[in-house]
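As a plain string of letters, each chain reads:
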Amino acid sequence: MTLGSILGWTALSVLVPGMAHLRAGHRRTGFALLGAFLVLLLSGLVYGLTRDLSDLTGLASGAALTTISVIAGAFALGWFGLVLTSYMSLNPNKLDSRGQIVSGVLVGVLCVSVMAPFAYVANAAVTTKDLVQTVFKKAGSDPDIAPVADPVKDPWNGRDRVNFLLVGGDGAGNRVGVRTDSMTVASINIKTGNTVMFSLPRNLQHVRFPASSPLAKHFPNGYMADLPNGGLLNEVWQYGNDHPEIMGGPHKGPRALMDAIGHTLGLKIDYYALINMYGFVDLVDAIGGLRIRVDHDVKWGGTFGTAGTIKAGTRKLSGEQALWYGRSRVGSDDFSRMGRQRCVIGAFAKQATPDKILANFTKIANATKKLAETNIPEELVPAVAELALKVKGARITSLQFVPPEFWPGSADWPKIRVAVSKALQASVRPVRQKLASAPSASPSSAASGTASDSPTISASGQVTAAPGATTSPTPTPNDNKAAKSLDEVCGL
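Bear in mind the structure is a predicted one, so any value in this text is a computation, not a measurement.

### Here we look at the overall build of the protein
Okay, so step 1: Looking only at helices and strands, the protein has 18 helices and 13 strands in total.
Okay, so step 2: Out of the 492 residues belonging to the protein, those deemed buried represent 46%.
Okay, so step 3: When contacts within the protein are restricted to residue pairs at least 6 apart in sequence, long-range pairs at least 24 apart make up 70% of them.
Okay, so step 4: Summed over all atoms, the accessible surface of the protein reaches about 23300 Å², with 60% contributed by carbon and sulfur.

### Some details on the pairing of strand E3 (residues 195-200)
Sheet faces and side chains relate simply in a regular strand, where the side chains alternate between the two faces.
Okay, so step 1: Among the six residues in E3, six count as buried, and that is most of the element.
Okay, so step 2: Across the two faces of E3 the burial is the same, with Thr 195, Met 197 and Ser 199 and Val 196, Phe 198 and Leu 200 all buried.
Okay, so step 3: Sheet analysis places strand E2 (residues 179-189) next to E3, joined by six bridges and oriented antiparallel. Across the sheet, Ile 188 pairs through a bridge with Thr 195, a residue of E3.
Okay, so step 4: Hairpin connection between E2 and E3: a loop of five residues separates the two successive antiparallel strands, and Gly 193 in this loop has a positive phi of roughly 85°.
Okay, so step 5: Sheet analysis places E3 next to strand E10 (residues 396-400), joined by five bridges and oriented parallel.

### Topic: the confidence of the model for the protein
Okay, so step 1: Put simply, the protein has an average pLDDT of 81, and 82% of its residues get 70 or more.
Okay, so step 2: Throughout residues 433-480 the model reports pLDDT below 50, and contacts reaching past four residues in sequence, or to other chains, amount to 98 contacts.

### A look at the packing of aromatic side chains
Okay, so step 1: Applying the stated rule across the entire model yields 13 aromatic pairs.
Okay, so step 2: With a centroid separation of 6.0 Å and an interplanar angle of 25°, the aromatic rings of Phe 75 and Trp 79 are classed as stacked. You can see Phe 75 and its partner Trp 79 sitting in helix H5 (residues 62-89), four residues apart, about one turn around the helix.
Okay, so step 3: For Phe 75, a relative accessible area of 28% puts it in the partly exposed group.
Okay, so step 4: Ring geometry for Phe 219 against Tyr 223: centres 5.1 Å apart, planes inclined by 70°, an arrangement best described as edge-to-face. As far as burial versus exposure is concerned, Phe 219 and Tyr 223 are alike and both buried.
Okay, so step 5: Ring pairing ties together the aromatic residues Phe 209, Phe 219, Tyr 223 and Tyr 239, which thus form one cluster.
Okay, so step 6: The ring of Phe 406 carries the charged tip of Lys 415 above its face, separated from the ring centre by 5.2 Å.

### With respect to the nonpolar core
Okay, so step 1: With 40 residues, the main nonpolar core has Leu 165, Phe 198, Leu 233, Leu 257, Ile 261, Leu 265 and Phe 401 as its most contacted residues.
Okay, so step 2: At the level of elements, strand E1 (161-170), E2, E3, helix H7 (214-218), helix H8 (236-242), helix H10 (253-265), strand E4 (271-276) and helix H17 (413-427) are the ones that each hand at least two residues to this core.
Okay, so step 3: The residues touching Leu 165, leaving out its near neighbours within four places in the chain, are Thr 184, Val 185, Leu 257, Met 258, Ile 261, Ile 269, Tyr 271, Tyr 272 and Ala 273.
Okay, so step 4: Residues Val 162, Phe 164, Val 381 and Ile 396 belong to the second largest nonpolar core, which totals 23 residues.

About the cut-offs
- Residues numbered from 1 in each chain as written.
- Predicted model: local features only at pLDDT ≥ 70, side-chain atom pairs only at ≥ 80, totals over all residues.
- Heavy atoms only, no water.
- Helix = DSSP H or I, 4+ residues; strand = E, 2+ residues; numbered from the N terminus.
- Buried < 20%, exposed > 50% of the residue type's maximum accessible area, 1.4 Å probe, protein only.
- Contact = heavy atoms within 4.5 Å.
- Areas by Shrake-Rupley, 256 points an atom, 1.4 Å probe, with all protein chains shown as cover.
- Pairing = 2+ DSSP bridges.
- pLDDT = per-residue confidence, 0-100.
- Phe/Tyr/Trp six-rings, centres within 6.5 Å; stacked < 30°, edge-to-face > 60°.
- Lys NZ or Arg CZ within 6 Å of the ring centre and 35° of its normal.
- Core = buried A, V, L, I, M, F, W, Y, C linked by side-chain atoms within 4.5 Å.

Printed below as a string of structure tokens:
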């Protein structure tokens, strides 16, 4: 055989194993390899045609990732051996010395090439497992990480809605601790993925705590620390961390903030995720930036925006630009910044597509390990991944508790809970119905927000007055605007 024919039949065997052996006259071996390949191919086709992306989320568990890495390694070695034996079966020793050298080098390159995809899969599986074990803790390893009764069949314990607190932490090097400047609750319908995002201002004052929180007795009239100018919501996390003697243990800041925000909205906050804002830069860059509609020029850096300007229009923002688009207060205020922050979150949720994630997986994994903290148990990672896929294709609406509808310095707690209830009820209605048509509900008469006098809002968004409480209108009119679609608000 010539040099070209030997290389051609060897390369063909990479795609159709056994062809080189058949050409060389080793019919039994050739048909065995071809039969095994057809069985693998048909099995793969059946598996692929009977599965969708949601089914593949089960592969995010530690055991599954280990299995994937082992199988990928075995395939890499198997295809390496296939190329080598195919080449040897064609008797390259009959070529002249120049032909043997050239064919040997090219076949070596082919061996490395066929191993590369399997090596990538194995490396991605190992990286994912390391990411999962770094960011997520096993249930029971921490008292603040709730156990999951059945993470496979019923990961959400029969509920139809789960609530995540998404926190943007400003952990700059010139500050002590973490200041939670961005606080958003994502309330997700488990069946449909429809999501309502509730954005709370950092300067919301004197939030109340439920009776189950140690801070309820410590601050019976609302959070009053660091007065006269303090008592802000973005101080609660650090206060919980700084006072383990009150909270009953170390690192209870997340629990303190979850209690405060959950009681404010009338929702049970199930899990939280803290994202360090400066690490967010790497995450955005890893997916190639975010495309966002900028309504007005946004200056950033320094007191007067001397570092740069993000021009109005539809822009592709880098990680640094996306960070400052959501953080800048030059020429604006906290409430404008909140609106921009929710657009950044919405843009990331929509634009972090599977193809971008796969193409930049290692970068995303490394960035996530540096910036994320959560109490989502490791056992729930596959279920959370499945839920995230639903959210990407579902409707996302947003509601901000900002003036003139809501005043952070003198919050109307019942009014906030009514607005939450209306937004949740509207989110499960067909799109053709206007969100503003959601019926209002009457909360408890007292506006103090303590556990004994506040209304209860179920996971589905229904409002029920506290036992024995009388109902009356809220202290301020319930004329707040309904939650709006992020696609509409942010031009996504």
